[in-house]
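Now for the letters of each chain:
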Amino acid sequence: MSPTASIPAAIAPIAITQGDSAGIGPEIIAKAFAGSAQYLQGCFVVGELQTLRRATALVAHVCGGEQGIAQPIAVIDKPRDAWSMPPGTIPLLALPDLPGPQPYGEVSALAGEAAARCVTWSAQAALRGEIAALVTAPLHKEALSLAGVKFPGHTELLQAEAAAHAGVPLAEMPVRMMLANDELRTVLVSIHVSLREAIAAVTQPQVLQTLRITHAALSRHLGRAPRIGVAGLNPHAGEGGLFGEEEIAIIAPAIAQAGAEGMDVHGPFAPDTIFMRARNAPGHPGEFDVVLAMYHDQGLIPVKYLGVEKGVNVTLGLPLVRTSPDHGTAFDIAGRGVADADSLVEAVRMARSLAL
């Protein structure tokens, strides 16, 4: 059976945003459609025509030499048109007056503007029920800032769109970042803040809220309550208070409350060993379905160490499905044709599994 044989064409399609045009986003999109078209049936790109044409020309040159033929791009009028495109064709929903491709490897306000507009359109389409999910190619946070976007990344931008759609304050639309691959899942208490701010964010309400969001999201995905392991904040999870009181005063009470609410939660455990315990590898079934990490790097380094080509970023807590590759814009290799599209393909596969 083909990877998409069981996907009904009646379901809403999946949007892939082009990302920052100065980075590798458009390139990995072109590579994904060229090399893994069977996984991208019913997907379309939200972006700008010349940006995608430059990417397909680059991929054709790298993969086929001077005689390489660029993939055809079909401009579509509405998302569902993606289902009628022949294999090998990239469906593009071109947003009007979008800035075109910017020089590779350069931080640009125009690239930031284009990337943000693609994400905003796709989020609104998902909230209207016109698409089943969105997969976001990498954007550049400095470019977003130069463009006047007040949110530092995808997660915060999507949170704001969802809150506005629901007519609620931002605080009433709490979201969390999960990074996942076939071996390990981690969810973060805080996201894009300084380490000093991240430590301050480890409060009992924040930890408990993260546990609730994680439990709800993974219960839907797994069809059962997830086994959640919680990492401590301090070395050795505080060693009984010798290296810090956060585990005793904050994290353990949050875990106890989560358990009282019926969640399968354990910890806090030493951060330097919990990820090994949770890793689901051949001959080593993981003890936990997911690890709750106290801050960004604590949770993301273990997953990325297993291979950025396998990792997928998932936003939990939103009333829509959003996934992303677990790497950035890679300005240092943009335009060279060497970027790996595997993480994007994995992001599409995960988005589809979450949306079905």
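Keep in mind the model is a prediction, meaning the values are calculated, not measured.

Below, the discussion takes up the overall build of the chain. A tally of helices and strands in the chain yields eleven helices and twelve strands. In the chain, buried positions account for 54% of the 356 residues. Of the accessible surface of the chain, which amounts to about 14,800 Å², a share of 55% is contributed by carbon and sulfur atoms. Distance between charge centroids for the chain: 5 Å, based on 24 positive and 33 negative side chains.

Quick look at helix 3 (residues 109-127) now. Relative to the 27 Å expected for 19 residues at 1.5 Å per residue, helix 3 spans 27 Å between its end C-alpha atoms, a close match to the ideal helical length. You can read the cap of helix 3 off the contacts: a side-chain oxygen lies 3.1 Å from the backbone nitrogen of L110, and it is on S108. One or two residues past the end of helix 3 sits G129, with phi positive at roughly 85°.

To describe two helices that pack against each other, one gives the angle between their axes and the distance between the axes. Closest axis-to-axis distance for the helix 3/helix 5 (residues 154-166) pair is 10 Å, and the angle between their directions is 40°. In terms of axis orientation, helix 3 runs oblique to helix 5. For the crossing formed where helix 3 meets helix 5, the hand is right-handed. Touching A116, V119, T120, A123, Q124 and L127 of helix 3 are H154, L157, L158, E161, A162 and H165, all from helix 5. Taken together, the residues of the contact of helix 3 with helix 5 sort by class into seven nonpolar, four polar and one charged.

Averaged over all residues, the pLDDT of the chain equals 92, while 96% of them reach at least 70. For residues 1-9, every residue scores under 50 in pLDDT, and the model assigns this stretch eleven contacts once sequence neighbours within four places are set aside.

Grouped together as the largest cluster of nonpolar side chains are 53 residues, with contacts concentrated most on I16, L211, V230, L292 and M294. If sequence neighbours within four positions are ignored, I16 has contacts with I29, F33, L40, C43, F44, V45, V46, V135, L344 and V348. Membership of the second largest hydrophobic core comes to 32 residues, among which are I76, C118, V119 and V149.

Tallied over the entire structure, the rule returns two aromatic pairs. With a centroid separation of 6.5 Å and an interplanar angle of 85°, the aromatic rings of F44 and W121 are classed as edge-to-face. On the criterion of sequence distance, the pair formed by F44 in strand 2 (residues 43-47) and W121 in helix 3 is long-range, its members being 77 residues apart. Positioned above the aromatic ring of Y104 is the side chain of R54, whose terminal nitrogen or guanidinium carbon lies 3.8 Å from the ring centre. The lysine or arginine in question, R277, covers the ring of F269, its NZ or CZ lying 4.3 Å from the ring centre.

On to the environment of G244. Summarising the element assignment, G244 is placed in the loop between strand 8 (227-231) and helix 8 (246-260). The spacing of G244 and R185 is 59 residues in sequence and 26 Å in space, taken between C-alpha atoms. When residues no more than four places from it in sequence are discounted, the contact partners of G244 are N234 and G238.

Now for the pattern of salt bridges. Tallying each qualifying case throughout the model produces ten salt bridges. For R212, the salt bridge is made with E261, and the minimal N-O distance between the two is 2.5 Å. Residue R212 is located in helix 7 (residues 204-222), and its partner E261 is located in the loop between helix 8 and strand 9 (264-269); the two are separated by 49 residues in the primary sequence. The partner of R349 in a salt bridge is E346, with the nearest N and O atoms 3.3 Å apart. Within this pair, R349 and its partner E346 are both found in helix 11 (residues 342-355), separated by three residues, close to a single helical turn. Here the salt bridges share partners, and the residues they tie into one network are R224, R227 and D289.

To continue, consider the sheet that holds strand 4 (residues 90-94). Hydrogen bonds along the backbone pair up the strands of a sheet, which may run parallel or antiparallel. Overall, mixed pairing links the twelve strands, which are arranged 3-4-2-1-5-12-11-6-7-10-8-9 in an open sheet. The open sheet has two free edges, formed respectively by strand 3 (73-75) and strand 9, since each of these has just one partner strand. On average, adjacent strands in this sheet sit at an angle of 30° to one another, irrespective of strand direction. Strands in contact with helix 3 are strand 1 (14-17), strand 2, strand 4 and strand 5 (133-136); relative to strand 2, the strand with the most contacts, it is inclined by about 135°. Against the sheet, helix 5 makes contact with strand 5, strand 6 (176-180), strand 11 (312-316) and strand 12 (322-325), and its axis sits at roughly 165° relative to strand 12, the strand it touches most.

Conventions used here
Residues numbered from 1 in each chain as written. Predicted model: local features only at pLDDT ≥ 70, side-chain atom pairs only at ≥ 80, totals over all residues. Heavy atoms only, no water. Helix = DSSP H or I, 4+ residues; strand = E, 2+ residues; numbered from the N terminus. Buried < 20%, exposed > 50% of the residue type's maximum accessible area, 1.4 Å probe, protein only. Areas by Shrake-Rupley, 256 points an atom, 1.4 Å probe, with all protein chains shown as cover. Lys, Arg positive; Asp, Glu negative; His and termini not counted. Charge placed at Lys NZ, Arg CZ, Asp CG, Glu CD. Expected span 1.5 Å × (residues − 1). Polar contact = N/O pair within 3.5 Å; in protein donor to acceptor, adjacent residues only side chain to side chain. Axes fitted to C-alpha atoms, helices over the stretch in contact; angles between N-to-C directions. Parallel < 35°, antiparallel > 145°, perpendicular 65-115°, else oblique. Left-handed = near helix turned anticlockwise from the far one by under 90°. Contact = heavy atoms within 4.5 Å. Nonpolar A, V, L, I, M, F, W, Y, C, P; charged D, E, K, R; others polar. pLDDT = per-residue confidence, 0-100. Core = buried A, V, L, I, M, F, W, Y, C linked by side-chain atoms within 4.5 Å. Phe/Tyr/Trp six-rings, centres within 6.5 Å; stacked < 30°, edge-to-face > 60°. Lys NZ or Arg CZ within 6 Å of the ring centre and 35° of its normal. Salt bridge = Lys/Arg side-chain N within 4 Å of Asp/Glu carboxyl O. Pairing = 2+ DSSP bridges.

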